[in-house]
Amino acid sequence: ALQFHLAGGICKLLPESALIFASVDNSKNFTLTMSSVKGPQDEFSIAGYAVDDFNFCTVANNGLNLGFLSYKGNAKISVCADKLIGMDSHLFVECLESAYDDICNGVDNASSEELKAPDLTPLSAKFLEIGLSCAVAGTVALLSIWLAKK
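Keep in mind it's a predicted model, so treat the numbers as computed, not measured.

**Points about the pattern of salt bridges**
Counted according to the given criterion, the structure contains 2 salt bridges. Residues Glu 43 and Lys 72 are paired through a salt bridge, measuring 3.2 Å at the closest nitrogen-oxygen approach. Residue Glu 43 is located in the loop between β1 (32-38) and β2 (45-46), and its partner Lys 72 is located in the loop between β4 (64-71) and β5 (74-81); the two are separated by 29 residues in the primary sequence. The class for Lys 72 is partly exposed, based on a relative accessible area of 30%.

**Points about the side chain of Ser 70**
Secondary-structure assignment places Ser 70 in strand β4. Here Ser 70 is in contact with Val 37, Lys 38, Gly 39, Pro 40, Gln 41 and Ala 75, once residues within four sequence places are set aside.

**Remarks on unusual backbone geometry**
Phi at Ala 47 is positive, roughly 55°, even though this residue is not glycine. Along the chain, Ala 47 turns up in the loop between β2 and β3 (49-50). One non-glycine residue, Lys 72, lies in the positive phi region at around 55°.

**So, helix α3 (residues 89-108)**
End to end, α3 covers 28 Å across 20 residues, agreeing with the expected 28 Å (1.5 Å per residue, within 8%). Listing the buried residues of α3 in full gives Phe 92, Cys 95, Leu 96, Ala 99 and Ile 103. Taken end-on, α3 shows its buried residues confined to a sector of 100°, consistent with a single buried face. Exposed side chains of α3 directed beyond 90 degrees from the buried face belong to His 90 and Asp 108. Near the N-terminus of α3, the side chain that reaches the backbone nitrogen of His 90, with its oxygen 3.2 Å away, is that of Asp 88.

**As for the packing of aromatic side chains**
Counting across every chain of the model gives 1 aromatic pair. Ring plane angle 70° and centroid distance 5.5 Å describe the contact between Phe 44 and Tyr 71, whose orientation is recorded as edge-to-face. In this pair, Phe 44 is assigned in the loop between β1 and β2 and Tyr 71 in strand β4, connecting sequence segments 27 residues apart.

Calculation criteria
Residues numbered from 1 in each chain as written. Predicted model: local features only at pLDDT ≥ 70, side-chain atom pairs only at ≥ 80, totals over all residues. Heavy atoms only, no water. Salt bridge = Lys/Arg side-chain N within 4 Å of Asp/Glu carboxyl O. Helix = DSSP H or I, 4+ residues; strand = E, 2+ residues; numbered from the N terminus. Buried < 20%, exposed > 50% of the residue type's maximum accessible area, 1.4 Å probe, protein only. Contact = heavy atoms within 4.5 Å. Expected span 1.5 Å × (residues − 1). Arc of directions from axis to C-beta. Polar contact = N/O pair within 3.5 Å; in protein donor to acceptor, adjacent residues only side chain to side chain. Phe/Tyr/Trp six-rings, centres within 6.5 Å; stacked < 30°, edge-to-face > 60°.

Set out below in structure tokens:
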């Protein structure tokens, strides 16, 4: 959810001309890749050394790659941009910082009412659950009928 709100905040703060340039005027030369990874919430170690912090970045044949990673309750954003896209990196950083500030202000001013997490169960899993429930109920019914006849 944080990644969704952060990406939405970034898009809202980007100048319209930058969005038009990225999506319409320069669509063959500029591509955006976004990746989010929920990392471990507990500290772990590699070869006996505690990992205090880590980050990642996707590398693709794109103009701009954004990566979001969480670890131990903290979130990281990694940005890799190809200098050939001619992006104004200072403006981009300003937009990221402004979006982050807006998110922090939204969280600070949020209602104290607890939010209910949305049901993110895939539809296929819901169908499988219903199908398995029907199969179990059917099997129990058939078994009951069979036992009653004995």
